[in-house]
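Here are the chains, one letter per residue:
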Amino acid sequence: MAEYYIDLVVEGTKSRLAVECDGDEWHGIEEYERDVARQRILERCGWRFFRIRGHEYYRNPDSLLVPLWKVIDEMGIEPVLGTKAHQEEVDRPASEETKTTVKPNAVLPIASNEKSTKSALVDRPPDFFYKIAQWGKRSGRLGQQEIQFIRTTGNYVYNNWHISEERRLEANRIIEKSKNLGFNELA
């Protein structure tokens, strides 16, 4: 939304939920304070938030996600795949904005085991993307939005979610940029 990035947006036909994933490695006290301030601003704009803390998730992911599923259910967010709204989205031609801007949002898991021939992104392990994000943060050679985007792409791969062509292109651009700036995946 505007200049603010949200880790994951779960969107239905009538409402949407911002899901923030707070990893201990990524969120020091200063970052946490900025996140809370950003969340307050977005809540005033009508957004509802759900926060997942990394250390809690890794301890017991199934039980931690139960409240998330409950909130999604309470908000009436349902998969749109196969609905009229989904077909309109598929049929709609891409605007200039969607051709140039990548917006993170939730997608449904891949329904089949078919692999895309358009890119080898899905063949990369999630750790590859996390490694680029860590390198970008440590070296300062990637912007915060690029770091967050490539980390979220790793989450897409980890969860076997569908990767849109838009996300695929942007991830490939960040990977190439990282390699050109000195990222070595073997290091």
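Whatever comes next refers back to the structure up there.
Quick summary incoming for the structure in this document. Predicted, not measured: the structure shown is a model, and the values here were computed from it. (Residues numbered from 1 in each chain as written. Predicted model: local features only at pLDDT ≥ 70, side-chain atom pairs only at ≥ 80, totals over all residues. Heavy atoms only, no water.)

1. What about the pairing of strand β1 (residues 8-11)?
Item 1. For β1 and strand β2 (residues 16-22), the ladder comprises four bridges, and the chain directions are antiparallel. Residue Val10 lies in a different strand from β2, and its bridge partner there is Leu17. (Pairing = 2+ DSSP bridges. Helix = DSSP H or I, 4+ residues; strand = E, 2+ residues; numbered from the N terminus.)

2. Points about the packing of helix α6 (residues 126-139) against helix α7 (residues 144-158)
Item 1. Closest axis-to-axis distance for the α6/α7 pair is 8 Å, and the angle between their directions is 165°. Considering the angle they form, α6 stands roughly antiparallel to α7. The way α6 lies across α7 gives a crossing that is left-handed. Contacts between α6 and α7 involve Pro126, Phe129, Tyr130, Ile132, Ala133, Gly136 and Lys137 from the former and Ile147, Ile150, Arg151, Thr153, Gly154, Asn155, Val157 and Tyr158 from the latter.
Item 2. Of the residues contributing to the contact of α6 with α7, the split by class is nine nonpolar, four polar and two charged. (Axes fitted to C-alpha atoms, helices over the stretch in contact; angles between N-to-C directions. Parallel < 35°, antiparallel > 145°, perpendicular 65-115°, else oblique. Left-handed = near helix turned anticlockwise from the far one by under 90°. Contact = heavy atoms within 4.5 Å. Nonpolar A, V, L, I, M, F, W, Y, C, P; charged D, E, K, R; others polar.)

3. Side note on the sheet that holds strand β3 (residues 49-53)
Item 1. Taken in spatial order, the three strands make up an open sheet running β1-β2-β3, and their pairing is mixed. Whereas interior strands pair on both sides, the edge strands pair on one side only; in this sheet they are β1 and β3. Taken over all neighbouring pairs, the strand axes of this sheet differ in orientation by 25° on average, direction set aside.
Item 2. Taken strand by strand, helix α3 (residues 61-74) contacts β1, β2 and β3, and its axis lies near 170° from that of β3.

4. Overview of the nonpolar core
Item 1. Phe128, Phe129, Ile132, Leu142, Ile150 and Ile175 are the most contacted members of the largest nonpolar core, which totals 16 residues.
Item 2. Leu8, Val19, Leu64 and Leu65 belong to the second-largest nonpolar core, a separate cluster that totals 13 residues. (Core = buried A, V, L, I, M, F, W, Y, C linked by side-chain atoms within 4.5 Å. Buried < 20%, exposed > 50% of the residue type's maximum accessible area, 1.4 Å probe, protein only.)

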